[in-house]
Amino acid sequence: MKLIFLLLVSFAAAAQDKTETRELIGQLGNRSALLVLHSSRNEDGSARLTGEYIVLPALQRRFVDGESSPEIGVTTLREGTTPILFGREPTGEMRGTLRGGVFKGMRYGPGGQVRERFEFSEEFPAMTGYSATVRCEARDAAYASSLAYAVDAGSIKLLEWRSTLTPSGHSCNIAAGEQRAFKGGLQLVSGRCSVTLRDLGDYVRVAAENCTELCGSQAFLEPLLIDKRGACRLMRPETR
C-alpha cells in the first residue's frame, strides 16, 4: 500500500509539473481580446486546454475547452458562457494553430458558420514607461477585493491587495514584495506568490499566481481590470 501511495503521489506531481498557464493578447475580428489558456500534456504529446477569453473594451467573457495536437499545434477550442462546457451547447468554436507563442485561425458560430479571424500572441506591450496611482475596491456577492498600487516609470513603489470571502471571513493579504524583471508587463514577487500587471490597452490587468500561502483556506484573489480612471472591476461569468 505504501508503494502504491508513493506512485500515486509521484504521478500527481508529474501531472502538476506539466501544467502551465499562458496569456495571449490579440484580435478577434476587429476587436482586441485577452486569451488565458491552462495547458496540460497528454502522453501522446498533445495538450489539453482550458481557459477563457475576454473581448475588450466591452468585457464580454467566454470560456474555452479543447485540445492542441503535438508538433504542428492544430488546435480546436469549444467556447461557452460558463466554465463547465460539458453537456452544454457551445456558443462558438475556435480552430487554428498554436505554436511559437502565436495562436491564429478562424472562429465559427454554433452552426459552423464562419464568424471572424483571430490572432493572439504572447508578446504583450512593455510597461517600462507606465506610471499610475490606483486605489480601488470591487465586490460581487460574497467576495470583496481592495487594491492599492503606485508605479513610477515602470517601478512599483507600492502594492497592497486584499480580498475577503463572506461569511467565512477568510482573506488574502499581499502587502509587500520585490519587483523582478518581467517581459511584457510588471511583476512583484513575495516567496512563491507573484502579482503581474499587464497592459491591455483600455485596461491594466492585475492577477496573482501561487499565492495560497498568503490566503485563508477558502480565500483567493480574483484578477482585476483597472480602467483609465483608476476604477477596478471583477470578471464574472455571464449568466445567459
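In the block above lies the structure referred to throughout.
What this report covers is the structure whose coordinates are included nearby. In this text the structure is predicted, and so the values were computed from the model without any measurement.

## Some words on the pattern of salt bridges
So, step 1. This model, assessed by the stated rule, comprises eleven salt bridges.
So, step 2. Note that Arg-95 and Glu-93 form a salt bridge whose closest N and O atoms lie 2.5 Å from each other.
So, step 3. A relative accessible area of 36% places Arg-95 in the partly exposed class.
So, step 4. Lys-183 serves as the salt-bridge partner of Glu-123, at 3.4 Å between the closest nitrogen and oxygen. Here Glu-123 is found in the loop between strand S8 (114-121) and strand S9 (132-140), whereas its partner Lys-183 is found in the loop between strand S13 (178-180) and strand S14 (186-190), with 60 residues between them in sequence.
So, step 5. According to the relative accessible area criterion, Lys-183 is exposed, its value standing at 65%.
So, step 6. Each of Arg-31, Glu-79, Arg-107 and Glu-116 takes part in salt bridges that share partners, so that together they form one network.

## Considerations on the packing of aromatic side chains
So, step 1. Inspection of every chain in the model, using the stated rule, returns three aromatic pairs.
So, step 2. Between Phe-118 and Phe-120 the ring centres are 6.1 Å apart and the planes differ by 40 degrees, which places this aromatic pair in the tilted class. In this pair, the class of Phe-118 matches that of Phe-120, namely buried.
So, step 3. Plain terms: the ring middles of Tyr-143 and Phe-220 are 4.8 Å apart, the flat faces sit at 10 degrees to each other, and that makes the pair stacked. One end of the pair, Tyr-143, is in strand S10 (residues 143-152); the other, Phe-220, is in the loop between strand S16 (204-209) and strand S17 (224-226), with 77 residues separating them in the sequence.
So, step 4. The class for Phe-220 is partly exposed, based on a relative accessible area of 33%.
So, step 5. Looking at Arg-95, its charged tip hangs above the ring of Tyr-108, at a distance of 4.1 Å from the centre.
So, step 6. Over the face of the ring belonging to Phe-124 we find Arg-198, whose NZ or CZ atom lies 4.1 Å from the ring centre.

## Digging into the side chain of Ser-163
So, step 1. Here Ser-163 shows up in strand S11 (residues 155-165).
So, step 2. A distance of 2.7 Å separates the side chain of Ser-163 from the backbone oxygen of Phe-220, its partner in a polar contact.
So, step 3. Those residues in contact with Ser-163 that sit more than four places away from it in its chain are Tyr-143, Ala-144, Ser-145, His-170, Ser-171, Cys-172, Phe-220 and Leu-221.

## Focus on the sheet that holds S8
So, step 1. One closed barrel holds the eight strands; their spatial order is S1-S2-S3-S4-S5-S6-S7-S8, and the pairing between them is antiparallel. Averaged over neighbouring strand pairs, the angle between their axes works out to 30 degrees when direction is ignored.
So, step 2. Two strands pair when backbone bridges link them, and strand S7 (residues 102-108) and S8 are joined in this way by seven bridges, in the antiparallel orientation. Among the inter-strand pairings, Phe-103 is bridged to a residue of S8, identified as Phe-120.

## Some details on the pairing of S14
So, step 1. The element S14 is extensively covered by neighbouring structure, given that four of its five residues are classed as buried.
So, step 2. For S13 and S14, the ladder comprises three bridges, and the chain directions are antiparallel. Across the sheet, the residue bridging to Arg-180 is Gln-187, located in S14.
So, step 3. In this structure, the hairpin formed by S13 and S14 is closed by a connection of five residues, where Gly-184 is found at a positive phi of approximately 75 degrees.
So, step 4. Direction of pairing for S14 relative to strand S15 (residues 193-199): antiparallel, over a ladder of five bridges. Paired with Leu-188 across the strands is Val-195, a residue of S15.
So, step 5. Count of turn residues in the S14/S15 antiparallel hairpin: two residues, of which Gly-191 carries a positive phi of about 65 degrees.

## Quick notes on the state of the cysteines
So, step 1. Going through the model one piece at a time under the given rule, you end up with three disulfides.
So, step 2. Across the disulfide from Cys-136 sits Cys-232; the S-S distance is 2.4 Å. Residues Cys-136 and Cys-232 are joined through a disulfide that is right-handed, its torsion about the S-S bond being 125 degrees. One end of the pair, Cys-136, is in strand S9; the other, Cys-232, is in strand S18 (residues 232-234), and 96 residues separate them in sequence. For the pair shown, Cys-136 and Cys-232 are each scored as buried.
So, step 3. Shown here is the disulfide that connects Cys-172 with Cys-215, its sulfur atoms set 2.0 Å apart. On the S-S bond that ties Cys-172 to Cys-215, the torsion sits near 115 degrees, and the link is right-handed. Within this pair, whereas Cys-172 is found in strand S12 (residues 170-174), its partner Cys-215 is found in the loop between S16 and S17, the two being separated by 43 residues in sequence.
So, step 4. Judged by its relative accessible area of 0%, Cys-172 falls in the buried class.

Thresholds, definitions, all that
Residues numbered from 1 in each chain as written. Predicted model: local features only at pLDDT ≥ 70, side-chain atom pairs only at ≥ 80, totals over all residues. Heavy atoms only, no water. Salt bridge = Lys/Arg side-chain N within 4 Å of Asp/Glu carboxyl O. Buried < 20%, exposed > 50% of the residue type's maximum accessible area, 1.4 Å probe, protein only. Helix = DSSP H or I, 4+ residues; strand = E, 2+ residues; numbered from the N terminus. Phe/Tyr/Trp six-rings, centres within 6.5 Å; stacked < 30°, edge-to-face > 60°. Lys NZ or Arg CZ within 6 Å of the ring centre and 35° of its normal. Polar contact = N/O pair within 3.5 Å; in protein donor to acceptor, adjacent residues only side chain to side chain. Contact = heavy atoms within 4.5 Å. Pairing = 2+ DSSP bridges. Axes fitted to C-alpha atoms, helices over the stretch in contact; angles between N-to-C directions. Disulfide = S-S within 2.5 Å.

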